[in-house]
Amino acid sequence: MTLPGPGYFDWNATAPLRPEAAAAMIAAMGAPGNASSVHRFGRSAKAALEAARQAVAGAVGAGADRVVFTGSATEANNWALAALLPGAPRLVSAVEHDSVLAARPDAQRVPVDRDGRLDLAALQRLLAAAGGPVLLACMLANNETGAIQPVAEAAALVHAAGGAVHCDAVQALGKLPVDFAALGVDTLSLSAHKIGGPAGIGALVLRPGLALDPFIRGGGQERRQRAGTENLLGAIGFGAAAAAVPAMLDAQPRLAGLRDGIEAAVRAEDPQAVVFAAGAPRLANTACLAAPGLPAQTALMALDLAGFAVSSGSACSSGKVTPSHVLAAMGVPPALSACALRFSLGPETSAEAAEALAAALCAQIARRRSHGAQGPRPQASIAAAPANGL
Ligand code: PLP
């Protein structure tokens, strides 16, 4: 395993483990930790679990009894899509994460505008056409473009029609203030590893009074809502990372400056370069852009060799590059989408690293230009981490 250095620009895929999360987990490691046991070890595990729950709840302004730990945000999304308002039709924004889209392939997709924001007028039309309560899934911030969705407005429309709303807030936590009550949603999913906690633990936050049919059955854990011995170490790491959310939020204005600097440098090198979702309110840490003629897979490999870890906006597997469904929903043509790169910054990203990344990318663009339109063909055989799956 290689520890991330200053060239790590893939924080939306996963954030490096925060030192306080690592320290808390190491301190708890080795203690017998079944929170259901009645003896003192069990009681101590239970106390640690509940403290972690309190910290996670506090990060989104919810009551601790409203937080159910899950094995991932993927599980939390699947659970909400299955169990919230069962029997009602499902509407999902067209730019949801795969863990929402695949959870209910029958769901109708609500279009987004060219900046990737949910089309509220289209939502209203779909609600009217449904003629009854629906479940809407709408993320708070997009993992690829960083576009921030009008979740509270959408929730008001859906609730007025008697429906319910699930919000995937995985990418928003630590990057935007997340106020569960102000969003007005029924359920909200979170993931520890996106905020510097460990992978393999997430949470579903339920509005007061709401109980869902369990998705995972076979035990009374998590107030009978999610069976299975709790991932105590994971929860402890999640709690420690969640407690650092205010510090992460403090870093965002600085990151916005670095992100803007990268985008400006690229646009100065290539005025044809496109910054996706530029017209939308966006996460401060995320830049998704394309320099036409520079295939993302080529740039990604060259940047990797130069010490920079970034993501592409397209999924590449088995030698076949498939365009991002997020960019497709925004009307981006496949040829441009194939050039989309995602840079995601974190609280530890330095100005020097951001400048060096911009310089490396600009050098790529210049080299490509000097090769002319007939330059080397994009290599599509790299097993690139797909931005739209992370
Ligand atoms: N939702 C969004 C928006 C994501 O970016 C991710 C990350 O992959 C997930 C859900 C899934 O999170 P997890 O890795 O905890 O399953």
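What counts, and where the lines are drawn
Along each chain, residues carry numbers from 1 onward, in the same order as the chain's sequence is written. Under the rules for a predicted model, residues below a pLDDT of 70 receive no local features and side-chain atom pairs below 80 are neither given nor counted, while totals for whole chains, interfaces and linings still include all residues. Side-chain figures throughout are based on the complete set of non-hydrogen atoms in the structure, without hydrogens or water. Pairing between two strands requires that DSSP report at least two bridges joining them. The way it works is that DSSP assigns letters per residue, a run of H or I at least four long becomes a helix, a run of E at least two long becomes a strand, and they are numbered from the N terminus. As a rule, the C-alpha atoms of each element are fitted with a line to give its axis, helices using only the stretch in contact, and angles between N-to-C directions run from 0 to 180 degrees. Contacts were defined at the residue level, with two residues in contact if any of their heavy atoms lie within 4.5 Å. For classification, angles of less than 35 degrees are called roughly parallel, those exceeding 145 degrees roughly antiparallel, those between 65 and 115 degrees roughly perpendicular, and all remaining angles oblique. Crossing chirality is assigned from the near helix's rotation relative to the far helix, an anticlockwise turn below a right angle marking it left-handed and a clockwise turn marking it right-handed. If a single non-hydrogen atom of a residue is within 4 Å of a molecule or strand, that residue counts as near it. Any pair of nitrogen or oxygen atoms within 3.5 Å is treated as a polar contact; in protein, a donor-acceptor pairing is required on top of that, and neighbouring residues in sequence qualify only through side-chain atoms on both sides. The accessible surface values rely on the Shrake-Rupley method and a 1.4 Å probe; as for residues, cover is taken only from the protein chains in view. Whether a residue is buried, partly exposed or exposed follows from its accessible area with a 1.4 Å probe, protein chains only, as a fraction of its type maximum: under 20%, in between, or over 50%, in that order.

A. Highlighting the sheet that holds strand 3 (residues 108-110). Taken in spatial order, the seven strands of this open sheet run 1-7-6-5-4-2-3, and their pairing is mixed. Looking at the sheet topology across the chains shown, the edges are occupied by strand 1 (67-70) and strand 3. Each neighbouring strand pair of the sheet contributes to a mean axis angle of 20 degrees, computed without reference to strand direction. Contacts from helix 2 (residues 40-59) reach strand 1 and strand 6 (187-191) within the one sheet, and its direction differs from that of strand 1 by about 110 degrees. Those strands touched by helix 3 (residues 73-83) are strand 1, strand 2 (90-93), strand 4 (135-137), strand 5 (164-168), strand 6 and strand 7 (202-206), and its axis lies near 165 degrees from that of strand 6.

B. Layout of the sheet that holds strand 9 (residues 286-290). Pairing is antiparallel across the open sheet formed by four strands, whose spatial order is 8-9-13-10. Pairing within the sheet leaves two strands with one partner each, and these edge strands are strand 8 (274-275) and strand 10 (311-312). Pairing geometry for strand 10 and strand 13 (residues 340-344), over two bridges, is antiparallel. Each bridged residue has a counterpart across the sheet, and for Ser311 the counterpart in strand 13 is Arg342.

C. Expanded view of the packing of helix 10 (residues 245-269) against helix 14 (residues 351-371). Direction vectors running N to C along helix 10 and helix 14 enclose 15 degrees, while the axes themselves pass 9 Å from each other. The angle between helix 10 and helix 14 falls in the class roughly parallel. In the crossing of helix 10 with helix 14, the sense of the turn from one axis to the other is right-handed. Together, Arg254, Leu258, Ile262, Ala265, Val266 and Glu269 of helix 10 and Ala351, Ala354, Leu357, Ala358, Leu361, Cys362, Ile365, Ala366 and Arg369 of helix 14 make up the contact between the two elements.

D. Quick look at the site of the ligand. With respect to spatial proximity, 16 residues lie near the ligand, and among them Thr74, Asp168, Ser191, His193 and Lys194 are the closest. In this structure, an oxygen atom belonging to the ligand sits 2.7 Å away from a side-chain N or O atom of Ser191. At 3.0 Å from an oxygen atom of the ligand is found a side-chain nitrogen or oxygen belonging to Lys194. Contact with the protein chains hides 92% of the accessible area of the ligand, taken as 390 Å² for the molecule alone. Top element by residues in the shell around the ligand is helix 3. It accounts for three residues.

E. Seen up close, the pairing of strand 6. The element strand 6 is extensively covered by neighbouring structure, given that five of its five residues are classed as buried. Across the two faces of strand 6 the burial is the same, with Thr187, Ser189 and Ser191 and Leu188 and Leu190 all buried. Where strand 6 meets strand 7, five bridges bridge the pair, whose relative direction is antiparallel. From the neighbouring strand, Thr187 faces strand 7, where its bridge partner is Leu206.

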